[in-house]
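Here are the chains, one letter per residue:
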Amino acid sequence: MSIADIRRVYARARLDEAHVSPDPIAEFDRWFNQAREAEVPEPNAMALATAAPAGVPSVRMVLLKGYDERGFVFFTDYRSQKGIELEANPQAALAFYWGELERQVRIAGPVEKTSAEESAAYFRTRPLGSRLGAWVSHQSRVIPSRVELESGLREIKERFPTADVPLPPHWGGYRLRPEEVEFWQGREDRLHDRIRYVRDGERWRVERLSP
Ligand SMILES: Cc1cc2nc3c(=O)[nH]c(=O)nc-3n(C[C@H](O)[C@H](O)[C@H](O)COP(=O)(O)O)c2cc1C
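Quick caveat: nothing in here was measured; it's all calculated off a predicted structure. (Residues numbered from 1 in each chain as written. Predicted model: local features only at pLDDT ≥ 70, side-chain atom pairs only at ≥ 80, totals over all residues. Heavy atoms only, no water.)

Asks: For this particular structure, what's the right way to read the layout of surface pockets?
Replies: Over the atoms, a rolling probe the size of a water molecule traces out where space has been left empty. Empty space within the largest pocket amounts to approximately 340 Å³. Taken together, 16 residues make up the lining of the largest pocket; nearest its centre are Phe75, Thr76, Arg126, Gln139 and Trp171. For the lining of the largest pocket, the secondary structure elements donating two or more residues are β2 (57–63), β4 (71–77) and α4 (128–136). Sort the elements by how many residues they give to the lining of the largest pocket and β2 lands first, with four residues. Residues belonging to the lining of the largest pocket are distributed by class as follows: seven nonpolar, four polar and five charged. Volume-wise, the second largest pocket comes out at about 250 Å³. (1 Å grid on protein atoms, 1.4 Å probe; cavity = no way out; pocket = protein on both sides within 12 Å on 5 of 7 lines; lining within 4 Å. Points joined across faces, edges and corners; volume = space filled by probe spheres on them. Helix = DSSP H or I, 4+ residues; strand = E, 2+ residues; numbered from the N terminus. Nonpolar A, V, L, I, M, F, W, Y, C, P; charged D, E, K, R; others polar.)

Asks: Whenever I open this one, the pattern of salt bridges confuses me. Can you help?
Replies: Should their charged atoms come close, side chains of opposite charge can pair. Here the structure, examined in full by the defined rule, presents 17 salt bridges. For arginine 30, the salt bridge is made with glutamate 27, and the minimal N-O distance between the two is 2.7 Å. Taken as a pair, arginine 30 and glutamate 27 lie in helix α1 (residues 24–37) at a separation of three residues, close to a single helical turn. On the basis of relative accessible area, arginine 30 is assigned to the partly exposed category, the value being 37%. Aspartate 68 is the salt-bridge partner of arginine 70, the closest N and O atoms lying 2.8 Å from each other. With a relative accessible area of 48%, arginine 70 lands in the partly exposed category. Residues participating in the shared-partner salt-bridge network are Glu17, Arg187, Glu188, Asp193 and Arg208. (Salt bridge = Lys/Arg side-chain N within 4 Å of Asp/Glu carboxyl O. Buried < 20%, exposed > 50% of the residue type's maximum accessible area, 1.4 Å probe, protein only.)

Asks: Help me understand the nonpolar core, please; the structure alone is not making it clear to me.
Replies: Nonpolar side chains tend toward joint burial in soluble globular proteins. One finds Phe28, Phe96, Trp98, Val105, Ile107 and Phe183 to be the most contacted residues of the largest nonpolar core, which totals 31 residues. Mapped by element, the contributors of at least two residues to this core are α1, β1 (45–51), β4, β5 (91–98), β6 (103–113), β7 (171–176), β8 (180–185) and β9 (193–200). With five residues, the single largest contributor to this core is α1. The contacts of phenylalanine 183, once residues within four sequence positions are left out, are Leu15, Pro24, Glu27, Phe28, Trp31, Gln104, Val105, Asp193, Arg194, Ile195 and Tyr197. Among the nonpolar cores identified, the runner-up in size contains eleven residues, and Val73, Leu132, Ile156 and Val165 belong to it. (Core = buried A, V, L, I, M, F, W, Y, C linked by side-chain atoms within 4.5 Å. Contact = heavy atoms within 4.5 Å.)

Asks: I'm lost on the side chain of glutamate 102 in this one. Help?
Replies: Positionally, glutamate 102 belongs in the loop between β5 and β6. Here glutamate 102 falls in the buried class, since its relative accessible area comes to 6%. Polar contacts involving the side chain of glutamate 102 include one to the main-chain amide nitrogen of arginine 12, which spans 2.9 Å. When sequence neighbours within four positions are dropped, the list of residues in contact with glutamate 102 reads Arg8, Val9, Tyr10, Ala11, Arg12, Trp184, Gln185 and Gly186. (Polar contact = N/O pair within 3.5 Å; in protein donor to acceptor, adjacent residues only side chain to side chain.)

What follows is the structure in structure tokens.
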């Protein structure tokens, strides 16, 4: 079978502007819970796009760790490529794909670092190995080999011999404050439903986009 012949008929559900919540966070909450109920693997995995100041984009997967009216939170190494790009150009976009539900959600807006307290509170919930790993890795740096990571891990275990591993200064969260949120539901004949929320002062404007 040729790659060009891989295609799927979307016909599971519909999305109607008359029945969506006026608030995109409430709508996201409904969809996210449905993705969990449908046992989508890693429903919190999302593509995160950033761009260098000259406009060159980059994209990678990260895990959503929280969302509420303030925005969508993920955690990373602030010295990574994404961290460097967000420092210079604090705008980002997210995309979720929940294939089992024939759904995509896109979110875009400015990004801010979470407070050190919020980052530390999340860091404490991570398994010990992940907390040690955050000290060992300088994310996105070129390294000569894996050996460097393994010797780094031995050194860090000597430095922090108990489970009391503090938040590294270079590690923490970002919160993306949505300016736009788009919900995509696959439909028959590629005439998909697309409902976009655009922030309009204190309110949200809801509009339908052509597929
Ligand atoms: C499913 C999945 C989830 C991931 N979650 C995270 C995450 O939450 N934070 C993170 O820094 N990297 C995460 N990664 C690794 C990133 O995709 C990426 O390799 C890393 O952050 C370096 O990206 P950068 O060089 O563009 O900064 C994840 C990768 C996958 C495949």
